[in-house]
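Chains, contacts and geometry: an overview
Take a look at the letters that make up each chain.
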Amino acid sequence: MLDLQKIRADFPILSQTVNGKPLVYFDNGATSQKPQIVIDAIATYYQEINANIHRGVHTLSRLATDAYEESRGKIQNHINAKLACEVLFTSGTTHGINLVAHGFASFLKPGDEVLVSALEHHSNIVPWQMLCEKTGATLRVIPMNENGELIIDEFDKLLSEKTKIVTVNHISNALGTINPIAYMIDKAHQVGAAVLIDGAQAVPHLKPDVQALDCDFYVFSGHKICGPTGTGILYGKEEWLNKLPPYQGGGEMIKEVTFEKTTYADLPHKFEAGTPNIAGGIVLGTAIDYMNSIGFDNIQEQELALLDYATKRLLEIDGLKIFGTAKAKTSVVSFNIEGIHPYDIGTIIDKLGIAVRTGHHCAQPIMNFFNIPGTIRASFAFYNTKEEIDVMVEAVKKAKMMLS
Ligand SMILES: *Cc1c(COP(=O)(O)O)cnc(C)c1O
């Protein structure tokens, strides 16, 4: 078992009070907190090696470049990519998805189909809608059931030679559902479609193996795995990244520029135009090291214990309904209390020091499916405790009393 006291001491923010109460941070699905080692690494970069990368022959530029590329290598190992050049630094999940969707404009024509799921975050819906608008391709939606699980029979039926790309999250941010992506990737490949996996909610809980999954693209954000904001990764198979056109033009992404013609740099630089978030990219490696030092087996064990406990305790409250009851689920509990707006509960429990997300969680189609304006979402990380869940349950009971 994890030594929670020791782990919590790594996160300075967790010992703060908010509104005069000890902070209970249950908004990990929106962003994780940062351990001191990550916070320190940002300062160390600027104090000791700050320089632009891949450009200078001077010592600092070499040191910064080496640190940046070393971090890329760490991430390559972490997700088991075959090649370092298949790992692109981005500003986050949203950036990664837009990069791929933009590139697919060159491959699609009217009549082609893009398959998304009913469980997606807006950032895995809107770029594909924009792509379909631009190309005349059709967006198709894999439906879900009342438990918040994708209906796989329907997915099978939607697949055809018209399907060019299937884009689905590994884990739903709004409900916590873990999707059967290995099966879906295999099936999509049988009709020749590419597959993008939105791993934003998966990487905080598990270590994806992109070669075993055989996905064509896998994207995630650094800030949800103890790393800095404005960082992220787009993994793409080398053959796909070679085929995709560049997303942005500028410095770093070129081989040779004349006014007649520009040739593009090799991977990964072709997709890394301009000066990137150098400190962020380096420190994302530090964050991944930190997560691995805790160990993903330990993380999962702790988070599943929290999920079970929170589910059991919340259901003690009369009129409380949990949305998202999939068999395969991660540590997210999305709930409402009959007759009370989620926002009102969120506001009251915030006064008691508890940070939860209220609203549609950037997944309005899911809320429309359940015919609700939103939910209260408590999303747990490995540094959370059962005692904090007790505090939340008591606060929700109190809020319910005040509001009904
Ligand atoms: C957070 C999240 C995103 C968007 O990530 P950004 O860091 O805001 O780019 C996309 N998909 C899912 C499932 C998410 O949880």
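Here, the structure is the one placed above.
Read on for a plain summary of the structure. As the structure is a prediction and not an experimental result, all values here were calculated from the model.

Observations regarding helix α14 (residues 386–403)
- Look at α14: 26 Å from first C-alpha to last across 18 residues, which is about the 26 Å you get at 1.5 Å a residue.
- Buried residues of α14: Glu-388, Ile-389, Met-392, Val-393, Ala-395, Val-396 and Ala-399, and no others. The buried residues of α14 all sit within an arc of 165 degrees when viewed along its axis, so they share a single face. In this structure, α14 carries Glu-387, Met-401 and Met-402 as exposed residues pointing more than 90 degrees from its buried face.

A short note on the site of the ligand
- Around the ligand, the neighbouring residues are Thr-93, Thr-94, His-121, Ser-123, Asn-173, Asp-198, Ala-200, Gln-201, Ser-221, His-223 and Lys-224.
- In the model, an oxygen atom of the ligand is placed 2.6 Å from a nitrogen or oxygen of the Thr-94 side chain.
- Taking Asp-198, its side chain carries an N or O atom lying 2.5 Å from a nitrogen atom of the ligand.
- Split by residue class, the shell around the ligand holds 1 nonpolar, 8 polar and 2 charged.

Some words on the packing of helix α3 (residues 59–79) against helix α10 (residues 278–294)
- Closest axis-to-axis distance for the α3/α10 pair is 8 Å, and the angle between their directions is 40 degrees. Classified by the angle their axes make, α3 and α10 are oblique. Classified by chirality, the crossing of α10 by α3 is left-handed. Only Ile-278, Gly-281, Ile-282, Leu-284, Gly-285, Thr-286, Ile-288, Asp-289 and Asn-292 of α10 make contact with α3, whose side of the interface consists of Ala-64, Ala-67, Tyr-68, Ser-71, Lys-74, Ile-75 and His-78.
- Partitioned by chemical class, the residues of the contact of α3 with α10 number 8 nonpolar, 6 polar and 2 charged.

Side note on the side chain of Ser-172
- By secondary structure assignment, the location of Ser-172 is in the loop between β7 (163–169) and α7 (181–190).
- Not counting the four nearest positions on each side in its chain, Ser-172 is found in contact with Leu-119, Thr-177, Gln-201 and Ile-366.

A closer look at the state of the cysteines
- Taken as a whole, this structure holds 0 disulfides when the rule is applied.
- In this model Cys-215 remains outside any disulfide bridge; the closest cysteine sulfur is found in Cys-85, 15 Å from its own.
- Looking at Cys-215, the relative accessible area reads 0%, which means it is buried.

Some words on the pairing of strand β9 (residues 217–221)
- The buried count for β9 comes to 5 of 5 residues, which makes it a mostly enclosed element.
- Across 3 bridges, strand β8 (residues 194–198) lies against β9 in parallel orientation. When the bridges of β9 are listed, Asp-198 appears paired with Val-219.
- Looking at chain direction, β9 and strand β10 (residues 232–236) are connected through 5 bridges and run antiparallel.

Focus on the sheet that holds strand β17 (residues 375–379)
- Read from one edge to the other, the open sheet built from 4 strands follows the order β13-β14-β17-β16, with strand pairing classed as antiparallel. Where the open sheet ends on each side, the last strands, each with one partner, are β13 (320–323) and β16 (357–359). Ignoring strand direction, the axes of neighbouring strands in this sheet form an average angle of 30 degrees.
- This element, helix α11 (residues 296–314), spans β13 and β14 (332–337) of the sheet and lies at about 10 degrees to β14.

Describing helix α2 (residues 36–49)
- Over its 14 residues, α2 runs 19 Å from end to end, which matches the ideal 20 Å to within 8%, given 1.5 Å per residue.
- Among the residues of α2, those classed as buried are Val-38, Ala-41, Tyr-45 and Ile-49.
- Taken together, the buried residues of α2 touch α3 and α10.

Quick look at the environment of Ala-273
- Looking at where Ala-273 falls in the secondary structure, it is placed in the loop between β12 (262–264) and α10.
- Separated by 24 residues in sequence, Ala-273 and Gly-249 place their C-alpha atoms 6.1 Å apart.
- Ignoring anything within four residues of it in the chain, the contact list for Ala-273 reads Gln-248, Gly-249, Gly-250, Gly-251 and Met-253.

Structural notes on the packing of aromatic side chains
- The tally for this structure, following the rule as stated, stands at 15 aromatic pairs.
- Aromatic pair Phe-11 and Tyr-383: ring centres 4.6 Å apart, planes at 50 degrees, arrangement tilted. With Phe-11 in the loop between α1 (4–9) and β1 (17–18) and Tyr-383 in the loop between β17 and α14, the pair connects residues that are 372 residues apart, well separated along the chain.
- Assessed through its relative accessible area of 1%, Phe-11 is described here as buried.
- Its relative accessible area of 0% is what places Tyr-383 among the buried residues.
- With 5.1 Å between their ring centres and 65 degrees between their planes, Phe-323 and Phe-370 make a pair best called edge-to-face. With Phe-323 in strand β13 and Phe-370 in helix α13 (residues 364–370), this residue pair connects regions lying 47 residues apart in the sequence.
- Sitting over the face of the ring of Trp-240, Lys-243 holds its NZ or CZ atom 3.9 Å from the ring centroid.
- Directly above the aromatic system of Tyr-309 lies the positively charged group of Lys-386, at a separation of 5.4 Å from the ring centroid.

Calculation notes
Residues numbered from 1 in each chain as written. Predicted model: local features only at pLDDT ≥ 70, side-chain atom pairs only at ≥ 80, totals over all residues. Heavy atoms only, no water. Helix = DSSP H or I, 4+ residues; strand = E, 2+ residues; numbered from the N terminus. Expected span 1.5 Å × (residues − 1). Buried < 20%, exposed > 50% of the residue type's maximum accessible area, 1.4 Å probe, protein only. Arc of directions from axis to C-beta. Near = heavy atom within 4 Å. Polar contact = N/O pair within 3.5 Å; in protein donor to acceptor, adjacent residues only side chain to side chain. Nonpolar A, V, L, I, M, F, W, Y, C, P; charged D, E, K, R; others polar. Axes fitted to C-alpha atoms, helices over the stretch in contact; angles between N-to-C directions. Parallel < 35°, antiparallel > 145°, perpendicular 65-115°, else oblique. Left-handed = near helix turned anticlockwise from the far one by under 90°. Contact = heavy atoms within 4.5 Å. Disulfide = S-S within 2.5 Å. Pairing = 2+ DSSP bridges. Phe/Tyr/Trp six-rings, centres within 6.5 Å; stacked < 30°, edge-to-face > 60°. Lys NZ or Arg CZ within 6 Å of the ring centre and 35° of its normal.

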